[in-house]
Amino acid sequence: MAHVLPMAKRVEVVAHLVEGAGIRPTTRLTDVSKPAILALLLRVGEGCEQLHNRLVRDVDCLTVQVDEIWSYVQKKQARVQPGDSPDVGEAYTFVGMASASKLVISYRVGKRDEENTAAFIKDLRARLVTIPQLYSDGWAPYVAAVGGAFALAGSVDYAQVIKRYNRKARRDDDHRYEPPREPFITKTPVFGVPDMKRASTSHVERQNLTIRMHIRRFTRLCNGFSKRLPHHKAAVALHMAFYNFCRPHEALRVTPAMEAGLTDHVWSIEELVAAALSEAPTEPPKPKTLKLPEPPAGTPAAPARALPNGKGWLRLVGSAPAAPAAPPPAPEPRPMRQLSLFDEPE
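Residues numbered from 1 in each chain as written. Predicted model: local features only at pLDDT ≥ 70, side-chain atom pairs only at ≥ 80, totals over all residues. Heavy atoms only, no water.

**Q** So what exactly am I meant to see when it comes to the pairing of strand 7 (residues 157–163) here?
**A** The element strand 7 is largely enclosed, with a buried count of five among its seven residues. Here four bridges tie strand 6 (residues 133–136) to strand 7, and the two strands are oriented parallel to one another. Bridge assignment links Leu 134 to a residue of strand 7, and that residue is Tyr 158. Sheet topology note: the strand 7/strand 8 (residues 185–191) ladder contains six bridges and is antiparallel. Bridge pairing in strand 8 places Gln 160 opposite Thr 188. (Buried < 20%, exposed > 50% of the residue type's maximum accessible area, 1.4 Å probe, protein only. Helix = DSSP H or I, 4+ residues; strand = E, 2+ residues; numbered from the N terminus. Pairing = 2+ DSSP bridges.)

Here you go:
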């Protein structure tokens, strides 16, 4: 069982799991039984979830991107029968990531419905301390979820970025890679005044690839899918903790947690396992009043005033009208000279 494995063997098992190995390959590589690996995964995954609740809070970031990644438990949603458990079927993972630090601020595993969307956005809101620029895809329940979680006036600048993937049949294969005739990306402001030039979900969509490469359960067209929802959630929690605290980002050269100021060093897998196994249950963070973001260097702060009773901010958005340009200088007068109509005799 997991509680009798020595620490070195636990670290070895977890090291294989976080690098994308499945349960059966880990069994062969570590010589640990499948029940022991699953029991250890549950314990470490639950500890990583509590670790995330305690450490990933009071995040100060300007831009947040959210998205969902598809997976399933036991069988795909189309094959679910009326008598099956509600845990069976699709299991989406909602991810909210800070664009600058690449930190996974919040995540949630569940059905892709209004209830889980609202719970995910509510948890994301509780971990922030600065009014964010929030970008998502066109999933409709996001609008009500963001409006409910960021209910205070002037507390979010939210836009949806919708990508249109055409699947119209082509008469031949010569135009298979022809770009769509209509706009591929449509950006729509929803709340506040989002920066439409920077509105994007590319960073969090790239995070989806990282999840699929590091969690065997998310690999498409394979037999490594989850058979039980608790193990699926534990695997996601373990990966998020490993990604935030142990895995240096190639572009940042530090871990996302270090870039966000949540820790001062790169965690080893042994440190993560020890912290997760000893972590006590922690209550999720409570939402705090959001502060105004700092303006870029050299840019004056826009006028803003806090509303009474903590009801948000009254902000002056947009830029002041530019001063009229100075008229161009008048051209210098040309010197006058007499033009002759006929050639003068010598």
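**Q** What am I meant to see in the layout of surface pockets here?
**A** Gaps between atoms show up when a probe of the same size as a water molecule is rolled over them. Of the voids in this model, the second largest pocket is the one considered here, and its volume is about 580 Å³. If you go around the second largest pocket, you meet 22 residues; those closest to its centre are Tyr 107, Arg 108, Asp 123, Arg 127 and Pro 284. Counting only elements with at least two residues in the lining of the second largest pocket, the list comes to helix 3 (34–55), strand 5 (104–110), helix 4 (114–126) and helix 7 (229–246). The leading source of residues in the lining of the second largest pocket is helix 4, at six residues. Within the lining of the second largest pocket, the residues separate by chemical class into ten nonpolar, three polar and nine charged. (1 Å grid on protein atoms, 1.4 Å probe; cavity = no way out; pocket = protein on both sides within 12 Å on 5 of 7 lines; lining within 4 Å. Points joined across faces, edges and corners; volume = space filled by probe spheres on them. Nonpolar A, V, L, I, M, F, W, Y, C, P; charged D, E, K, R; others polar.)

**Q** Sorry if this is basic, but what is going on with a positive patch on the surface here?
**A** Together, Arg 24, Arg 28, Lys 34 and Lys 227 give the surface a local cluster of positive charge. Among the secondary structure elements, Arg 24 is positioned in helix 2 (residues 23–30). (Patch = residues over 30% accessible without salt bridge, like charges linked within 9 Å, V, L, I, M, F, W, Y side chains within 5 Å. Areas by Shrake-Rupley, 256 points an atom, 1.4 Å probe, with all protein chains shown as cover. Salt bridge = Lys/Arg side-chain N within 4 Å of Asp/Glu carboxyl O. Lys, Arg positive; Asp, Glu negative; His and termini not counted. Charge placed at Lys NZ, Arg CZ, Asp CG, Glu CD.)

**Q** What is the right way to read the environment of His 214 from this model?
**A** Its location among the elements puts His 214 in helix 6 (residues 202–214). According to the relative accessible area criterion, His 214 is buried, its value standing at 10%. Look past the residues within four positions of His 214 in its chain and what remains in contact with it is Leu 17, Val 18, Glu 19, Gly 20, His 239, Phe 242 and Arg 247. (Contact = heavy atoms within 4.5 Å.)

**Q** For this particular structure, what's the right way to read the pattern of salt bridges?
**A** Charged atoms that come close allow side chains of opposite charge to pair. For the structure shown, the criterion picks out nine salt bridges. Asp 58 is paired through a salt bridge with Lys 288; the nearest N and O atoms lie 3.0 Å apart. Taken together, the positions of Asp 58 in the loop between helix 3 and strand 1 (63–69) and Lys 288 in the loop between helix 9 (269–278) and strand 9 (304–306) put the pair 230 residues apart, joining distant regions of the chain. Its relative accessible area of 36% is what places Asp 58 among the partly exposed residues. Lys 288 sits in the partly exposed class, given a relative accessible area of 43%. The salt bridge involving Asp 84 is made with Lys 75; its shortest N-O contact spans 3.2 Å. Overall, Asp 84 belongs to the partly exposed group, its relative accessible area being 25%.

**Q** What am I meant to see in the nonpolar core here?
**A** In a soluble, globular protein the nonpolar side chains are often hidden away together inside. Core analysis: the biggest nonpolar cluster contains 70 residues, and Ile 105, Leu 134, Leu 238 and Leu 272 have the highest contact counts within it. The dominant element in this core, judged by the number of residues it contributes, is helix 7, at twelve residues. Contacts of Leu 134, omitting those with residues within four sequence positions, involve Val 64, Val 66, Leu 124, Val 146, Phe 150, Val 156, Asp 157, Tyr 158 and Ala 159. (Core = buried A, V, L, I, M, F, W, Y, C linked by side-chain atoms within 4.5 Å.)

**Q** In this structure, what is going on with unusual backbone geometry? I would like to understand it.
**A** Excluding glycine, a negative phi dihedral is what most residues carry, and trans is how most peptide bonds are arranged. Here Asp 58, not a glycine, exhibits a phi torsion of approximately 55°, which is positive. For Arg 253, which is not a glycine, the phi torsion comes out positive at approximately 70°. The residue Arg 253 is located in the loop between helix 7 and helix 8 (256–259) in this model.

**Q** What's the story with a nonpolar patch on the surface in this structure? I'm lost.
**A** Taken together, Tyr 165, Phe 184 and Ile 185 make up a surface patch of nonpolar side chains, about 310 Å² in accessible area. Summarising the element assignment, Ile 185 is placed in strand 8. Take Ile 185: its relative accessible area is 40%, and that puts it in the partly exposed class.

**Q** Would you explain the side chain of Arg 217 in this entry?
**A** Relative to the assigned elements, Arg 217 resides in the loop between helix 6 and helix 7. The charged side chain of Arg 217 is buried without a salt bridge, its nearest counter-charge being Glu 46 at 12 Å. Of the polar contacts made by the side chain of Arg 217, one reaches the side chain of Ser 226; its length is 2.9 Å. When residues no more than four places from it in sequence are discounted, the contact partners of Arg 217 are Ile 23, Leu 38, Leu 41, Ser 71, Gly 224, Phe 225, Ser 226, His 231, His 232 and Ala 235. (Polar contact = N/O pair within 3.5 Å; in protein donor to acceptor, adjacent residues only side chain to side chain.)

**Q** What is the right way to look at the sheet that holds strand 4 (residues 92–98) in this model?
**A** Working definition: the strands of a sheet are paired by backbone hydrogen bonds and lie parallel or antiparallel to each other. Taking strand neighbours across the sheet as the criterion, the six strands line up as 5-4-1-6-7-8 in an open arrangement whose pairing is mixed. The sheet is open, and its two edges are formed by strand 5 and strand 8, each paired on a single side. Each neighbouring strand pair of the sheet contributes to a mean axis angle of 20°, computed without reference to strand direction. In this sheet, strand 4 lies alongside strand 1 in antiparallel orientation, the contact comprising six bridges. (Axes fitted to C-alpha atoms, helices over the stretch in contact; angles between N-to-C directions.)

**Q** Any chance you could explain helix 3 here in plain terms?
**A** Turn by turn, an α-helix covers 3.6 residues, leaving residues three or four places apart pointing in a common direction. The end-to-end C-alpha distance of helix 3, which contains 22 residues, comes to 31 Å, matching closely the 32 Å that a straight helix rising 1.5 Å per residue would cover. Taken together, the buried residues of helix 3 touch helix 1 (7–18), helix 2, strand 5, helix 7 and helix 9. (Expected span 1.5 Å × (residues − 1).)

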